[in-house]
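# Analysis of the macromolecular model
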Amino acid sequence: MSRALQDVVFVDGVRTPFGKAGGALAETRADDLVVAIFRELLRRNPTLPPERIDDVAVAATTQVGDQGMTLGRTASLLAGLPQSVPGYAIDRMCAGAMTAVTTLSSGIMAGAYDVVLAGGVESMSRHPMGDGMDPNPRFLSERLVDTDALVMGATAENLHDRYPTLTKDRADAFAAASQSKTAHAYAEGWIQPDLVPIATRSAELGWGLLTADEAMRPETTLDGLAGLKTPFRPHGRVTAGNASGLNDGATAALLASQTAADEFGLAARMRMVGFAFAGVEPEFMGVGPVPSTEKALARAGLSIEDIDLFEVNEAFAVQVLAFLEHFGIPDDDPRVNPMGGAIAVGHPLASSGIRLMTYLARDFARTPSARYGITTMCIGLGMGGTVIWENLQHDGSAAHDRRGA
Ligand SMILES: CC(C)(COP(=O)(O)OP(=O)(O)OC[C@H]1O[C@@H](n2cnc3c(N)ncnc32)[C@H](O)[C@@H]1OP(=O)(O)O)[C@@H](O)C(=O)NCCC(=O)NCCS
């Protein structure tokens, strides 16, 4: 039997506001965060019969306790999805949610699924980074990786070493811009439509409601950033101000074949053009998005000049700068992270990939002349992931032609 490849479309994405580790969401179970956003996705897309969801994949980096037990299945049952809907858990550290999307999408392309739910969650309050980690001693005894490879901030310092033109001043300027772009996006109401307010509880403070990202610092100044400590190396360049923080949060997305989206009357906002993952030296993990983007572009038959919008995860400012410098894109290019990024709103590890996609869908809506966009991120132990998307809210004009590319 011959089968045609199916087009995958991104229908909708939502997230919790991201909390600060130890903050508003610290006493909320990670699986409950996923339940809240799954229910919201179903509420926002009432024409989709829940029993037509073919599979559910949810990512977390530390898969124990409330992040264990095959999250895709447990969260689906807890969210009231029919028992007939299966689910599973997925892990590629920071690119967990991105991998949930690409893995499920491959199933759609192959004709195994019509509609899927992807998600990612990390409670860094309840599961601190590296908790329970037991790296094989051979990694170090046989020098398979450098000791820095297991400390993400140390890998970022290594990037400053490798690319001396990527100075701390440039990293701080990029970080300050992330904060101000985020503040601007909030003021314009661009971020709030995809946030699901979360009821919070605290033994000390009682009940509350988290409606916005908790770690934002809109008052950030270059002077304030200049004086911060460098926790990963004495006299280093990576600080709490030019790095993403430690956060709690969850994201989820609804994807479908174009045919199923049409059948259920779901508005398709982006089409997946292609994706790629790539490996680099683990102690320079932040440069991972360079080869993954080159690979994804080559496979799609596109070049970097074809890309009108970029959502690059801001694990560390220096790592975004390494990406931009490689592709000859200015640090302050308005096509890059127009609503700010993880330095301002936070990076609850496995959840961030879908935040990037949700942002890109909004960027596309505000920029109908944009045709292609990418979501890309670096990944622990030396990897990068890139997904290329086509704007289905495109107005037919070519933004890159107008730029003279
Ligand atoms: C960098 C890191 C160690 C900082 O942790 P922390 O010390 O708990 O961070 P804090 O929020 O307390 O900030 C430290 C200080 O910087 C200050 N600060 C942070 N951001 C600031 C900003 N934008 N402007 C001014 N000051 C700022 C804080 O006020 C605090 O000051 P204080 O010491 O006087 O109280 C931590 O966020 C981290 O590990 N980040 C990387 C996470 C990571 O590796 N993720 C995976 C990526 S692959």
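Residues numbered from 1 in each chain as written. Predicted model: local features only at pLDDT ≥ 70, side-chain atom pairs only at ≥ 80, totals over all residues. Heavy atoms only, no water.

This part takes up the pattern of salt bridges. Under the counting rule described, the total for this entry stands at 24 salt bridges. A salt bridge links Glu325 to Arg170; the nearest nitrogen and oxygen atoms lie 2.9 Å apart. With Glu325 in helix α10 (residues 317-326) and Arg170 in helix α6 (residues 168-188), this pair connects stretches of sequence that are 155 residues apart. The exposure class of Arg170 is partly exposed, given its relative accessible area of 22%. Linked by salt bridges that have partners in common, Asp12, Arg44, Asp194, Arg269 and Arg362 make up one network. (Salt bridge = Lys/Arg side-chain N within 4 Å of Asp/Glu carboxyl O. Helix = DSSP H or I, 4+ residues; strand = E, 2+ residues; numbered from the N terminus. Buried < 20%, exposed > 50% of the residue type's maximum accessible area, 1.4 Å probe, protein only.)

Remember that side chains alternate between the two faces of the sheet whenever the strand is regular. Of all 8 residues that make up strand β11 (residues 372-379), 8 are buried, and the element is covered over most of its length. With burial as the criterion, each face of β11 is covered, one bearing Tyr372, Ile374, Thr376 and Cys378 and the other bearing Gly373, Thr375, Met377 and Ile379. Sheet analysis places strand β10 (residues 307-312) next to β11, joined by 5 bridges and oriented parallel. Bridged to Phe310 within β11 is Ile374. In this structure, β11 lies alongside strand β12 (residues 383-391), joined through 8 bridges in antiparallel fashion. Bridged to Thr375 within β12 is Val387. Between β11 and β12, which follow one another and run antiparallel, lie 3 residues, and Leu381 among them has a positive phi close to 65°. (Pairing = 2+ DSSP bridges.)

It is worth spelling out the packing of aromatic side chains at this point. Counted according to the given criterion, the structure contains 4 aromatic pairs. Relative to Phe277, the ring of Phe275 has its centre 6.2 Å away and its plane inclined at 65°; by these criteria the two rings are edge-to-face. Judged by centre distance (6.4 Å) and plane angle (70°), the ring pair of Phe310 and Phe323 falls under edge-to-face. Within this pair, whereas Phe310 is found in strand β10, its partner Phe323 is found in helix α10, the two being separated by 13 residues in sequence. Comparing Phe310 with Phe323, the two get one shared label, buried. Three or more aromatic residues joined by ring pairs make a cluster, and in this case those are Phe310, Phe323 and Phe327. (Phe/Tyr/Trp six-rings, centres within 6.5 Å; stacked < 30°, edge-to-face > 60°.)

In short, shape yes, function no, at least from these values alone.
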